[in-house]
Amino acid sequence: MTLTDESFSEVSDKTRNKKNMSKKKLFYYRIFDDKEKLNYLKSSLSHEEVEHWLQEYERTHQKYFNPEFINYLHEHDPEAEIIEISDISY
């Protein structure tokens, strides 16, 4: 997995007030599954924490696929989700 981290701010649709989310970091990972499929994952867990849950997941599964692992990870991190990446050309 490859890791980068970012901090974000969010604008509420109802109040249009800016909420500072800088205390909460989001990490982005590239992850390959047993089919060599590449996905990107967003999580509030550190690299070490994601590795821990990946090892736990692998203990109970013979093979793993990104959507299934991310659903499992979501139990431990509500922020976890697959990020869809699309190419744009012009």
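Check the entry above for the structure.
In this report, we go over the structure that sits alongside the text. (Residues numbered from 1 in each chain as written. Predicted model: local features only at pLDDT ≥ 70, side-chain atom pairs only at ≥ 80, totals over all residues. Heavy atoms only, no water.)

### Quick word on the side chain of Asn 39
At step 1: Within the secondary structure layout, Asn 39 lies in strand 3 (residues 38-43).
At step 2: Asn 39 gets classed as buried once you look at its relative accessible area, which sits at 9%.
At step 3: One polar contact links Asn 39 to Asn 66, side chain to side chain, over a distance of 2.7 Å.
At step 4: Setting aside anything within four residues of it in sequence, one finds Asn 39 in contact with Tyr 29, Arg 30, Ile 31, Asn 66 and Ile 82. (Helix = DSSP H or I, 4+ residues; strand = E, 2+ residues; numbered from the N terminus. Buried < 20%, exposed > 50% of the residue type's maximum accessible area, 1.4 Å probe, protein only. Polar contact = N/O pair within 3.5 Å; in protein donor to acceptor, adjacent residues only side chain to side chain. Contact = heavy atoms within 4.5 Å.)

### Re the nonpolar core
The tendency in soluble globular proteins is for nonpolar side chains to be buried side by side.
At step 1: Ranked by size, the top nonpolar core spans 14 residues in total, and within it Tyr 29, Leu 41, Val 50, Tyr 57, Tyr 64, Phe 69 and Leu 73 carry the most contacts.
At step 2: Listing elements by their share of this core, those giving two or more residues are strand 2 (18-32), helix 1 (47-60) and helix 2 (66-74).
At step 3: Looking at which element gives the most residues to this core, the answer is helix 2, with 4 residues.
At step 4: Leaving out residues up to four positions away in the same chain, Tyr 64 has contacts with Phe 32, Asp 33, Asp 34, Leu 54, Tyr 57, Glu 58 and Phe 69. (Core = buried A, V, L, I, M, F, W, Y, C linked by side-chain atoms within 4.5 Å.)

None of this, on its own, says anything about what the molecule does.
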